[in-house]
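Commentary on secondary and tertiary structure
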Amino acid sequence: MFFNTYKEDKLLTEAIDTNYAVIYFKPDSTIIKANKYFLDTMGYSLNEIVTKPHSMFCEEKFRTTKEYKESWENLREGKSITAEFQRVKKDGDLIFLRASYMPIIENGKVTKIVKLAQDITKNRLRNLFYIGQVKAINKSNAVIEFDMNGNILNANDNFLNAVGYTKDEIVGKHHSIFCEETYKNSNDYKEFWKKLNSGEFDSGEYLRIGKNGKKVFIQASYNPILDLEGDPFKVVKYAVDITDKKNTMLEIQKEIQELSSSLNKLSVASSNMLEESKFSMESAYSVANATQDLNNIILDLSKKIDEMVKSITTISQNAANSEKIAMKAQEQSKESAKAMVRLNEESTKISQTINIISQIAFQTNILSLNAAVEAATAGEAGKGFAVVAQEVRNLATRSNEAAKNITSVIEFIQSLVKESLNSIHSIDDTIEEINNMSKDISHSMSEQRETSFDLSNSAKQSSQSLNEVSQTMQKVSLSVEETQKEAEVTKNSSNDLIKVSNRLIETLKNLK
């Protein structure tokens, strides 16, 4: 009987040493001994821990806590402690142990304390991860729990703040209090809970009704929680209040639709502007070409006017010269008239002299006749005188004939002089008329030249103005061409923006 008990105790001890980290303490917490499992787990050798206090396995900040002191007081009083503990290994790493501190009592007094522990660090870290996730979810999400009939079991503050209720106002109520009337009585709502009861989760965006009819948009997932047999026993809903985002998206969608409408109008306007710019460009080119043609015509006209001005200047100069020549001819004509008058006067004097000579010749002829008669009467004595008388009479006859001839010539000269005077007076009148005409021509040419100069300057100024107009029209044409390009770009951009706005609208629809 004793042998069997000893054997069983030995086997139990071996089983415990194999599966548990075991360490023994005095009531004052000093270490008595530890098994290999404990030493391997903590990274120490036995000599490094024996007689050392238990606090060597604790963080510095924990050693001085009231909790730590009370735990050893409880152990010394014979109270066992079973829990999860955070301890420090030799290398400074933290370790999590699930352990039981069990006082050994002899004669009613605690003589030693034995600790049985298992390393649960991996599980603890995994649980901490899950706990951290749950805390993070509860911190950032609205969480509510339902039973499988849809009755509310619990809700966190985020959810309560989102819907505006207190926990007491909703616990025990049905999920349908958050739904619109048209939805809670619909087949879709029944199918929704049927799906959850079959263990399938549901997620998406939902419109829910909060307190006082407040509309709340949420991004949520309904997650059935399964029991050990794989059957759902409750539903946990994780949600994010996206009301502001949704309202913003609805406003954006509305604005995008308005933008799309405006862009369609802009596209139409761009198309019209493009067509108008094309027409304007063609018109500008036509105006530019017409202006250039008109400019060429005016330049040609200006050249011809310049040539005419040159001709008018030459004519004016010739007219001025003619005026001078006419004035000179008039003066010469007057001098000729004066000379003719003097010639007429001299010929008159000559005629008078010839008359005297003719009278003298007539008297000489009479005297010679008388002398011849006297000589004949004188006989021989008068023969010589008769010869002289005959010669004198011959001379007188010739003088008379010469006087007659000269008189005829003088008369002819006087008639020519009279005719010349008449011609000179006629010429003088003609020269006077020519002189007056030359003055009129010169004056007219001067006026014509000034007018032509003005016309030429006007033509040149018109040409410059047309050049400026032509250049302006070319600039306008280039500007219209640029406008056309910009209109094309605007049209393309409008079309691209329309496509983008349509895609945004589709995206917003898909996000609902």
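For the structure, see preceding data.
The following refers to the structure shown.

Summing up its helical and strand segments, the chain has 12 helices and 10 strands in all. With 512 residues in all, the chain has 30% of them scored as buried. Approximately 32400 Å² of the chain is accessible, and the part contributed by carbon and sulfur atoms is 54%.

Here strand E1 (residues 21–25) runs beside strand E2 (residues 31–34); their pairing, made up of three bridges, is antiparallel. By the bridge assignment for E2, Phe 25 is matched with Ile 31. Connecting E1 to the next strand, E2, in antiparallel fashion are five residues, including Ser 29 with a positive phi near 85°.

As a further point, take the pattern of salt bridges. Side chains that differ in charge, positive against negative, can pair when their charged atoms come close. Across all of its chains, the model carries 12 salt bridges by this definition. Note that Arg 63 and Glu 60 form a salt bridge whose closest N and O atoms lie 2.8 Å from each other. In this pair, Arg 63 and Glu 60 are both assigned in helix H4 (residues 60–63), three residues apart and thus about one turn of the helix distant. What makes Arg 63 partly exposed here is its relative accessible area of 31%. Its salt-bridge partner being Glu 84, residue Arg 124 comes within 2.7 Å of it at the nearest N-O pair. Of the two residues, Arg 124 sits in helix H6 (residues 121–140) while Glu 84 sits in strand E3 (residues 81–88), which places them 40 residues apart along the sequence. With relative accessibility at 27%, the residue Arg 124 sits in the partly exposed group.

Our next topic: the side chain of Ser 55. Tracing the sequence through the fold places Ser 55 in the loop between helix H3 (46–49) and H4. For Ser 55, a relative accessible area of 18% puts it in the buried group. Contact partners of Ser 55, with chain neighbours within four places excluded, come to Arg 63 and Tyr 68.

With five bridges joining them, E1 and strand E5 (residues 109–119) adopt antiparallel strand pairing. Of the residues in E5, the one forming a bridge with Ile 23 is Lys 115. Of the pairings in the sheet, the one linking strand E4 (residues 94–106) to E5 comprises 10 bridges and is antiparallel in character. What sits directly across from Ala 99, in E5, is Ala 117. Linking E4 back to E5 in an antiparallel pair, the connection comprises two residues, with Asn 107 at a positive phi of about 55°.

Inspection of helix H10 (residues 187–197) places Tyr 189, Phe 192, Trp 193 and Leu 196 among the buried residues, and these make up the whole buried set. Each buried residue of H10 sits inside an arc of 85° when the element is viewed along its axis, so together they form one side. Pointing more than 90 degrees away from the buried face of H10 are the exposed residues Asn 187, Asp 188, Lys 190 and Lys 194. Packed against the buried residues of H10 are strand E6 (142–146), helix H9 (181–184), strand E8 (202–209), strand E9 (215–226) and strand E10 (232–241). One or two positions beyond H10, positive phi appears at Gly 199, with a value near 95°.

Moving on to the sheet that holds E3. The strand order E2-E1-E5-E4-E3 describes an open sheet built from five strands, whose pairing is antiparallel. Looking along the sheet, the strands with just one partner apiece sit at the ends: E2 and E3. Taking each pair of neighbouring strands and ignoring which way they run, the sheet shows an average axis angle of 30°. Two elements, E3 and E4, share eight bridges in a ladder whose sense is antiparallel. The residue of E4 that forms the bridge with Phe 85 is Leu 97. The sheet contacts of helix H5 (residues 66–76) involve E1, E3, E4 and E5, and relative to E5 the element is tilted by about 125°.

About the criteria used
- Numbers given for residues are sequential positions, taken from 1 along each chain in its written order.
- pLDDT decides what is reported in this predicted model: residues at 70 or higher carry local features, side-chain atom pairs at 80 or more are listed and counted, and totals for whole chains, interfaces and linings draw on all residues regardless.
- Side-chain calculation: all heavy atoms of the structure are included, whereas hydrogens and water are not.
- Only DSSP runs of H or I covering at least 4 residues are called helices, and only runs of E covering at least 2 are called strands; the numbering of each starts at the N terminus.
- Summary of the burial criterion: residues with accessible area below 20% of their type's maximum are buried, those above 50% are exposed, and those between are partly exposed, where the area comes from a 1.4 Å probe applied to protein chains only.
- Residue burial considers only the protein chains on display, and all accessible areas are found by Shrake-Rupley using a 1.4 Å probe.
- For two strands to be treated as a pair, DSSP must find no fewer than two bridges joining them.
- Only one rule defines a salt bridge in this text: a Lys or Arg side-chain nitrogen within 4 Å of an Asp or Glu carboxyl oxygen.
- We call two residues in contact whenever any of their non-hydrogen atoms come within 4.5 Å of each other.
- In this context, the arc is that of the directions from the helix axis out to the C-beta atoms.
- A fitted line through C-alpha atoms represents every axis, and for helices the fit uses only the stretch in contact; the resulting angles, taken between N-to-C directions, go from 0 to 180 degrees.

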